Amino acid sequence: MTSKTRIPIQLQINGHLHELEVEPRVTLLDALRDHLGLTGTKKGCDQGQCGACTVHIDGQRVLACLTLAAQAEGRAITSIEGLADGDGTLHAVQAAFLEQDAFQCGYCTPGQILSAVACIREGHAGSDDEIREYMAGNLCRCGAYPHIVAAVRQAALEIASSMETAS
Ligand code: FES
Ligand code: FES
């Protein structure tokens, strides 16, 4: 197999199936950005150290720069573009980031938001310290951390109360 060999893969992203041909070494991050035009997922380091590339696979947060596209075949991928409802209503975490001014340049924000959704789902948003610890994999050069913690806290409370209302 030469490095130019391409393999067909199917990726299920935000509920849509995409067929593409990529070299086996292509990461999920590059598949999203360069092959599918989904540029919301960002590349801050490409080495697993910044979290800007965070997406969900089967509901778990993963670093797309350390995941081969081929490894994600047959699994449900969610990128930032798929988080809002079909009618455009923002996810509670997206709305909370806006309300709490939890971003400045916005480059780390898609990864922060997907990490935060998973952090809340994992039950790791019980206190500010816990939020800080479990969001520590997402770097923010703009120093929005206090606002990010506030946004995650607000969204966690909203999600918990909407689940109580629903049950
Ligand atoms: S681009 Fe993946 S962790 Fe930095
Ligand atoms: S908002 Fe700029 S890096 Fe986080």
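All residue numbers refer to position in the chain's written sequence, counted from 1. Each chain takes a letter, starting from A, and each ligand takes a number, starting from 1, following the order in which they are written. Local features in a predicted model are, by the rule used here, given only for residues with pLDDT of at least 70; side-chain atom pairs are given and counted only at 80 or more, and totals for whole chains, interfaces and linings are based on all residues. Note: side-chain values were computed over all heavy atoms of the structure, leaving out hydrogens and water.

J.: So what exactly am I meant to see when it comes to the overall build of the protein chain here?
T.: When helices and strands are tallied, the protein chain shows 5 helices and 5 strands. Only DSSP runs of H or I covering at least 4 residues are called helices, and only runs of E covering at least 2 are called strands; the numbering of each starts at the N terminus. Listing each helix as α and each strand as β along the protein chain from the N terminus yields β-β-α-β-β-β-α-α-α-α. We compute the radius of gyration over the C-alpha atoms and compare it with the globule rule, which gives 2.2 Å times the number of residues raised to the power 0.38. Taken over C-alpha atoms, the radius of gyration comes to 16 Å for the protein chain, in line with the 15 Å a tight globule of 167 residues would show. Summarising its shape, the C-alpha atoms of the protein chain cover approximately 50 × 35 × 25 Å along the three principal directions. Charge assignment in this entry is limited to Lys and Arg as positive and Asp and Glu as negative, and neither His nor the chain termini are counted. Here the site of a charge means atom NZ of a Lys, CZ of an Arg, CG of an Asp or CD of a Glu. Averaged over its 12 positive side-chain charges, the protein chain has a centre that lies 9 Å from the centre of its 20 negative ones.

J.: Help me understand the layout of surface pockets, please; the structure alone is not making it clear to me.
T.: To find leftover empty space, a probe the size of one water molecule is rolled over the atoms. We place a 1 Å grid over just the protein atoms. Points where a 1.4 Å probe fits but has no way out form a cavity, open points with protein on both sides within 12 Å along at least 5 of 7 lines form a pocket, and any residue with an atom within 4 Å of a point lines it. Grid points are joined across faces, edges and corners, and a volume is the space filled by probe spheres set on the points. Roughly 260 Å³ of volume is contained in the largest pocket. In terms of lining residues, the largest pocket is bounded by G44, C45, C50, A52, C105, Y107, C108, L139, C140, R141 and C142. Each residue receives one of three labels: charged for Asp, Glu, Lys and Arg, nonpolar for Ala, Val, Leu, Ile, Met, Phe, Trp, Tyr, Cys and Pro, and polar for the others, Gly being one of them. In the lining of the largest pocket, the residues fall into 9 nonpolar, 1 polar and 1 charged. Two domains each put at least three residues into the lining of the largest pocket: domain 1 (7-82) and domain 2 (92-166). Each domain's extent was defined by an automatic or database domain assignment.

J.: What should I look at first to understand the pairing of strand β3 (residues 54-57) in this one?
T.: Two faces, one strand: in a regular strand the side chains alternate between the faces of the sheet. Burial classification: accessible surface area is computed with a 1.4 Å probe over protein chains only, and a residue below 20% of its type maximum counts as buried, one above 50% as exposed, and the rest as partly exposed. The alternating pattern of β3 places T54 and H56 and V55 and I57 on opposite faces, both of which are buried. Two strands pair if DSSP finds at least two bridges between them. Relative to strand β4 (residues 60-63), β3 is paired through 4 bridges, and the arrangement is antiparallel. Bridge pairing in β4 places H56 opposite R61. The antiparallel hairpin formed by β3 and β4 contains 2 residues in its connecting segment, where D58 sits at a positive phi of about 50°. Pairing geometry for β3 and strand β5 (residues 76-78), over 2 bridges, is antiparallel. When the bridges of β5 are listed, I57 appears paired with I77.

J.: So what exactly am I meant to see when it comes to the packing of helix α2 (residues 92-99) against helix α3 (residues 109-121) here?
T.: Each pair of packed helices can be described by the angle between their axes along with the distance between the axes. All axes here are fitted lines through C-alpha atoms, helices being fitted over the stretch that makes contact, and every angle between N-to-C directions spans 0 to 180 degrees. One can describe the packing of α2 onto α3 by two numbers: an axis separation of 9 Å at closest approach and a directional angle of 125°. By the angle between their directions, the pair α2 and α3 is classed as oblique. Where α2 crosses over α3, the two elements pack in a sense that is right-handed. Side by side, α2 and α3 meet where V93, Q94 and F97 of the first sit next to T109, Q112, I113, A116, V117 and I120 of the second. When its residues are assigned to classes, the contact of α2 with α3 shows 6 nonpolar, 3 polar and no charged. Each angle receives one of four descriptions, namely roughly parallel if under 35 degrees, roughly antiparallel if over 145, roughly perpendicular if within 65 to 115, and oblique otherwise. By the definition used in this description, the sense in which the near helix is turned from the far one sets the handedness, with an anticlockwise turn below a right angle giving left-handed and a clockwise turn giving right-handed. Any two residues whose heavy atoms approach within 4.5 Å are treated as being in contact.

J.: What exactly am I supposed to notice about the environment of E81 here?
T.: As for its position among the elements, E81 is in the loop between β5 and α2. Using a relative accessible area of 36% as the deciding quantity, one classes E81 as partly exposed. Taking the C-alpha atoms as reference, E81 lies 15 Å from L11; in sequence the two are 70 residues apart. Residues within four places of E81 in sequence aside, it is in contact with N14, L38, T39, G40 and T41. Among the polar contacts made by the side chain of E81, one reaches the main-chain amide nitrogen of T39 at a distance of 3.4 Å. Any pair of nitrogen or oxygen atoms within 3.5 Å is treated as a polar contact; in protein, a donor-acceptor pairing is required on top of that, and neighbouring residues in sequence qualify only through side-chain atoms on both sides. There is a polar contact of 2.7 Å between the side chain of E81 and the backbone nitrogen of G40.

J.: Looking at this structure, I do not really get the side chain of S79. What am I missing?
T.: Structurally, S79 can be placed in the loop between β5 and α2. Since its relative accessible area comes to 0%, S79 is described here as buried. Among the polar contacts made by the side chain of S79, one reaches the side chain of E81 at a distance of 2.6 Å. Other than its neighbours up to four places away in sequence, S79 contacts I13, N14, T41, V55 and L114.

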